[in-house]
Amino acid sequence: MKKTLQFITVVCTALIIGSAFAGQFKETNANYVDQHIFPRTEAFAKEAFEFKETTIKACRLTGAQQQEMLQKAFHEAVDAWQGIEHLRMGPLSDYDQMHRLQFWPDKRNKVSKALSNLQKKQEAGEHIDEQKIAFSSVAGQGFPIFERIIYQDGEISAKQCEILRAVASNIYSIAKSVHQAWVDPEYGYGGEMKFTLAENELYTDELSVTADLFTNLWSALQWVEDNKIRSPLREDISKAKPRRMENWRSARSFKNISIDVAALKDSYETLLQSHVLDLADGAQRDALILDNLNAAATISQELENVKEEGIKSEEIWNKMLDMAVHLKEARGQLFAVAKELSIPVGFNSLDGD
Amino acid sequence: MFSDYTRRDLLRSGLAAGIVTLAWPKILQAKNGSGGLYWSAFANADNSYGMAVFDLQGDFIFEKTLPDRGHGAAISNIYGHLAITERRPGWFGQIWDISADRLIAELKLPKGRHFYGHASYLGNRLFTTENSYDEERGVIGVWDASNGYKRIAEFDAGGIGPHEMRILENGREMVIASGGILTHPADGRSKLNIPDMTPKLAWLDCKSGKVLREWAPETKWHKASIRHLTVNAQGDVFFGMQYQGSRRERAPLVGIARREGDAMISELPIDVHKSTQNYCGSVELDSSATIMAASTPRGNKVIFFDARDSSYLDHVDITDACGVIAAMNRPEQFLISSGNGGLYLHNVHHRETVLITQTNKRWDNHMMYIG
């Protein structure tokens, strides 16, 4: 009897705490969707349109002028892409959109194989257009295949330009559909998260939305730490592998990290900071989280223009390791505050197996 | 290479006649009582890791620190040994003699392998699910418990990402849940082949490792990663999945692959299905083998199905519930653990849940019945 009462007490306490926080989360969930997600997906869709248009124009040119124009357009589009890459949920997790845009890490060299297959089709007389790209290998549909062509030695051929145009158009179509899938007033993920749709297909309450957004933030921090930092860093400097970095061909891997960290810091500030500050020792907890995110952001900005080969230098290697440590610390602190805020993310739900 | 498994071996390892404990240490038998003893790995608040053995009263019999995060384990009733391997990417494998309260062996992995966190005993053999990560294939490590846990063989697991495995009661076959997801320790826990992943169940001959049978979800559901399973005395396999595709889809969560015939996928009420986020953490049967329990930590639920026809029965809401195991000799009752530290006893028939004990441990994905 005593234990049954103990159980009932625990359950009731959890429900009371949960409901007390639910209203507050409703507002910050909506803010996060409106102020963080929508502007970024919109910016990416717009930038992807420019990217497609510029690619078409550049393909009418030749030589250095063409290459310069394509590379500039590529960097601007990837900047916008990196600004939403941390939203590894919703539309980006549907239909392999994430992988179609950026097939990375590419351990089996599938991007090269996809490019080679497209070239073989061209040799056989096929014309490569957006439709063909959209229905070909996931690895050959996005930024990596584009990067491979525009950062090759030598001039870009007319056949390669045909692939570039098709890929850029495909990227724009994906970007447009990702934005639409967030904002659509009848079925958009944003509406599901704000509970503004007639019927909610995904969520039962506001806390489950916050839990989802929290899990995404936590997982994105881990993704950056594991893949973009620790994977090329390896366990000691003698084993560092610059070519494990995300965009080593276009020498923008460090910039990607910088954009990621800034987006993740903004995620914390928009979604969680006000709730953390409401905790009894909130100011202290918030300062700890921000100290780590700011430290990682400062290092990432400092390294933004470093070439990937730089990780073989002791100074850069150590700075990257510091960055990884700060991101890990921030992750641990976020997990701890989630529990105190009654956000239903647990040890197993967050990182199960 | 292997000595034949005798009827006696099977009896002693508890496979041929339900759970028996011929050689189980007296110290544990004395404390066992009617409810049995259970094992789980856990994490502490300071992110240190350990494992514990406890009873249905919430009393702890055994508790040890682990070098990193544990996951599942296997128990040998011949030797009284408990084998635990680290979760993916796992590097440590330890063999404990609980009654003697000591670590008796460490599994030495060959180069290029890591553990996935699950293992099974058969006679004097220990089998572990592993990743041969540079070759990008799943393997089953074979270790000799009668000879200091020397590694003596290795089988191809029949799929990428072999996770949980069980030995069938006939003692000749093992069944393996292969998630189909390619990972490499250099990339942490990242999933590297989601667009073309291929999960499957594979039945292997325990002696030769030959693949005897396979089952895979229909192509439409190729992202339904099969991770966890259990078996009944007839050799039917009850399995749980973790879908890697869109949250909007109502993907298969659990299924039953009959010994004879095809597999069937369980249907769920839409609101329950929605809450699970298509993620199943653990699958077990009750002691009468008539009820299947599937934990869904992302849905904060344990869901119950009729094991005879896979139909939905009921669910219980418990935050971050993941570990689930039959309460021994108590049909329709399950012991459930939560990442928030609680251990619960749930009676499916009476819809009653009792918090046995609230700890400051974060219980990991799985529990195991010890004896």
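Just so it is clear, the model here is predicted, and its values are computed rather than measured.

Along its length, chain A carries 14 helices and zero strands. Going from the N terminus to the C terminus, chain A shows its helices and strands as α-α-α-α-α-α-α-α-α-α-α-α-α-α. Relative to a compact globule of 353 residues, whose C-alpha radius of gyration would be 20 Å, chain A shows 22 Å and is just as compact. By principal-axis analysis of the C-alpha atoms, chain A measures approximately 80 × 55 × 35 Å. Counting all 353 residues of chain A, 57% fall into the buried class. For chain A, long-range pairs separated by at least 24 residues make up 75% of all intrachain contacts whose partners lie at least 6 apart in sequence. Side chains of chain A carry 41 positive and 52 negative charges; the gap between the two charge centres is 6 Å.

This part takes up the state of the cysteines. This model, assessed by the stated rule, comprises one disulfide over all chains. Paired by a disulfide, Cys59(A) and Cys161(A) hold their sulfur atoms 2.1 Å apart. Taking the torsion about the S-S bond as the criterion, the Cys59(A) to Cys161(A) disulfide, at about -90°, is left-handed. In this pair, Cys59(A) sits in the loop between helix H1 (2–58) and helix H2 (63–82) while Cys161(A) sits in helix H7 (residues 158–183), placing the two residues 102 residues apart along the sequence. Side by side, Cys59(A) and Cys161(A) carry an identical accessibility label, which is buried. Here Cys280(B) is not disulfide-linked; the sulfur of Cys322(B) is the nearest cysteine sulfur, at 8.0 Å. Judged by relative accessible area, Cys322(B) falls into the buried class, the value being 0%.

Quick look at the interface of chain A and chain B now. Tallying the contact residues gives 39 residues for chain A and 50 residues for chain B. It is Phe347(A), Asn348(A) and Asp353(A) that lose the most area in chain A upon contact with chain B, and together they represent 23% of the buried surface on that side. The interface formed by chain A and chain B contains eight salt bridges. At the boundary of chain A with chain B, the tally comes to 21 residue pairs in polar contact (both at pLDDT 80 or more). Here the residues of the side of chain A that touches chain B sort into 13 nonpolar, 12 polar and 14 charged.

Residues and elements named next belong to chain A. Approximately 1,300 Å³ is the volume found for the second largest pocket. Around the second largest pocket, the lining comprises 36 residues; the ones closest to its centre are Gln222, Glu225, Asp226, Lys328 and Arg331. Breaking the lining of the second largest pocket down by element, the ones donating at least two residues are helix H9 (206–233), helix H13 (314–340) and helix H14 (347–351). A breakdown of the residues in the lining of the second largest pocket according to their chemical character gives 14 nonpolar, five polar and 17 charged.

To continue, consider H13(A). Between its first and last C-alpha atoms H13(A) spans 40 Å; for 27 residues at 1.5 Å apiece the expected length is 39 Å, and the two agree. Positive phi appears at Ser342(A), one or two residues downstream of H13(A), with a value of about 60°.

Calculation notes
Residues numbered from 1 in each chain as written. Chains lettered and ligands numbered in written order. Predicted model: local features only at pLDDT ≥ 70, side-chain atom pairs only at ≥ 80, totals over all residues. Heavy atoms only, no water. Helix = DSSP H or I, 4+ residues; strand = E, 2+ residues; numbered from the N terminus. Rg over C-alpha atoms; globule rule 2.2 N^0.38 Å. Buried < 20%, exposed > 50% of the residue type's maximum accessible area, 1.4 Å probe, protein only. Contact = heavy atoms within 4.5 Å. Lys, Arg positive; Asp, Glu negative; His and termini not counted. Charge placed at Lys NZ, Arg CZ, Asp CG, Glu CD. Disulfide = S-S within 2.5 Å. Buried area = accessible area lost by both parts, 1.4 Å probe. Salt bridge = Lys/Arg side-chain N within 4 Å of Asp/Glu carboxyl O. Polar contact = N/O pair within 3.5 Å; in protein donor to acceptor, adjacent residues only side chain to side chain. Nonpolar A, V, L, I, M, F, W, Y, C, P; charged D, E, K, R; others polar. 1 Å grid on protein atoms, 1.4 Å probe; cavity = no way out; pocket = protein on both sides within 12 Å on 5 of 7 lines; lining within 4 Å. Points joined across faces, edges and corners; volume = space filled by probe spheres on them. Expected span 1.5 Å × (residues − 1).

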